[in-house]
Amino acid sequence: MSTAELTLDLPDEQATDALGSRLSQVILASLKNKQINELETGAGAAIYLRGDLGAGKTALVRALLRAAGVTGRIKSPSYALLESYKVSSLYFYHIDFYRFNDSSEWQDAGFRELFRPDAVVLIEWPEKADGQLPAPDLLIDLSYKDGGRAARIEAQTKRGVAWLTTLSEM
Ligand SMILES: Nc1ncnc2c1ncn2[C@@H]1O[C@H](COP(=O)(O)OP(=O)(O)OP(=O)(O)O)[C@@H](O)[C@H]1O
Ligand SMILES: [Mg+2]
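Residues numbered from 1 in each chain as written. Chains lettered and ligands numbered in written order. Predicted model: local features only at pLDDT ≥ 70, side-chain atom pairs only at ≥ 80, totals over all residues. Heavy atoms only, no water.

### So, the overall build of the protein chain
The helix and strand tally for the protein chain stands at five helices and seven strands. Each helix and strand of the protein chain, ordered N terminal to C terminal, gives the series β-α-α-β-α-β-β-α-β-β-β-α. Taken over 170 residues, the protein chain has a buried fraction of 48%. A separation threshold of at least 6 residues defines the contact pool for the protein chain, and within that pool the share at least 24 residues apart is 66%. (Helix = DSSP H or I, 4+ residues; strand = E, 2+ residues; numbered from the N terminus. Buried < 20%, exposed > 50% of the residue type's maximum accessible area, 1.4 Å probe, protein only. Contact = heavy atoms within 4.5 Å.)

Below, the structure is given as structure tokens:
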């Protein structure tokens, strides 16, 4: 059965790490699978993360990147706006739009060029660049819950639905 939405309890940091690791596995498997890729029109994989300050957006991305094979320091992009990683032939772009307020900034910085088929774009605070971003494969909403966190994951592309279905069966 296909899944377009999934809600998960993340009672502690280990649960956030585990979700990041599962997401990484699903994405890497999918990007190696041409048939699923060809459903889309060559756009890069994109995951957007929403949630209050400290909700765990960076923590989740960090877990995903670690599981994908990033070995060095993984900084929050809150100051630099963008942190880039390359693992074998795949690029990961981690973006934080919290301090972003000028829309021309987006055009000038050429962020659109990051959405390539060999790239995974991970964006915190996507609402700050509202209307200028393509729809993500997955939109993840993190919230505080009982001392831990909850994640609501919504698929917004066909590929996203396939990922979420796999994720829900793991
Ligand atoms: N499931 C969880 N339960 C409890 N604490 C968690 C959980 N997941 C992550 N944390 C902790 O919550 C904090 C999340 O901080 P993080 O920097 O990831 O937030 P953020 O959403 O990126 O915030 P910002 O909007 O400032 O970028 C970290 O201290 C992390 O250890
Ligand atoms: Mg953050």
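### A closer look at the side chain of Thr157
Along the chain, the position of Thr157 falls in the loop between strand E7 (148-155) and helix H5 (158-169). Residue Thr157 is classed as buried on the basis of its relative accessible area, which comes to 16%. Among the polar contacts made by the side chain of Thr157, one reaches the main-chain amide nitrogen of Gly160 at a distance of 2.9 Å. (Polar contact = N/O pair within 3.5 Å; in protein donor to acceptor, adjacent residues only side chain to side chain.)

### Observations concerning the nonpolar core
Core analysis: the largest hydrophobic core is formed by 35 residues, its most contacted members being Leu19, Ile47, Phe92, Ile140 and Ile153. Examining the composition of this core, we find that six residues originate from one element, helix H1 (residues 13-31), more than from any other. Not counting chain neighbours up to four residues away, the residues in contact with Ile153 comprise Ala4, Glu5, Leu6, Leu8, Leu19, Leu138, Leu139, Ile140, Leu164 and Leu167. With 17 residues, the next largest nonpolar core counts Ala46, Tyr48, Tyr93 and Phe100 among its residues. (Core = buried A, V, L, I, M, F, W, Y, C linked by side-chain atoms within 4.5 Å.)

### Remarks on the site of ligand 1
Residues in close proximity to ligand 1 total 19 residues, the closest being Leu10, Thr16, Lys57, Thr58 and Ala59. Against a free-state accessible area of 650 Å², the protein chains account for coverage of 75% of ligand 1. For the shell around ligand 1, the secondary structure elements donating two or more residues are H1, helix H3 (57-68) and E7. The leading source of residues in the shell around ligand 1 is H3, at three residues. A per-class count over the shell around ligand 1 returns six nonpolar, six polar and seven charged. (Near = heavy atom within 4 Å. Areas by Shrake-Rupley, 256 points an atom, 1.4 Å probe, with all protein chains shown as cover. Nonpolar A, V, L, I, M, F, W, Y, C, P; charged D, E, K, R; others polar.)

### Description of the coordination of the magnesium ion (ligand 2)
At 2.0 to 2.2 Å from the magnesium ion (ligand 2) lie its protein donor atoms, namely Thr58 (OG1) and Glu124 (OE). Placement of the pair is Thr58 in helix H3 and Glu124 in strand E5 (residues 119-124), with a sequence separation of 66 residues. Glu124 shares its class with Thr58; the two are buried. (Donors = N, O, S within 2.8 Å, 3.2 Å for Na, K, Ca; no water.)

### Quick notes on H5
With 12 residues, H5 extends 17 Å between its outermost C-alpha atoms, agreeing within 8% with the 16 Å of an ideal straight helix rising 1.5 Å per residue. Along H5, the residues that are buried comprise Arg159, Gly160, Trp163, Leu164, Thr165 and Leu167. (Expected span 1.5 Å × (residues − 1).)

### So, H3
Its 12 residues place the ends of H3 17 Å apart at the C-alpha level, agreeing with the 16 Å of an ideal helix rising 1.5 Å per residue. On its buried face, H3 is in contact with H1, strand E2 (45-50), strand E3 (82-87), strand E4 (90-96), E5 and strand E6 (138-145). Of the residues trailing H3, Gly69 is marked for its positive phi of about 115 degrees.

### Considering the pairing of E7
Two elements, strand E1 (residues 5-10) and E7, share six bridges in a ladder whose sense is antiparallel. What sits directly across from Asp9, in E7, is Ala150. In the sheet, E6 pairs with E7 via eight bridges, with the strands oriented antiparallel. The residue bridging Lys145 from the neighbouring strand is Gly148, located in E7. Counted between consecutive antiparallel strands, the loop separating E6 from E7 contains two residues, among which Asp146 sits at a positive phi close to 50 degrees. (Pairing = 2+ DSSP bridges.)

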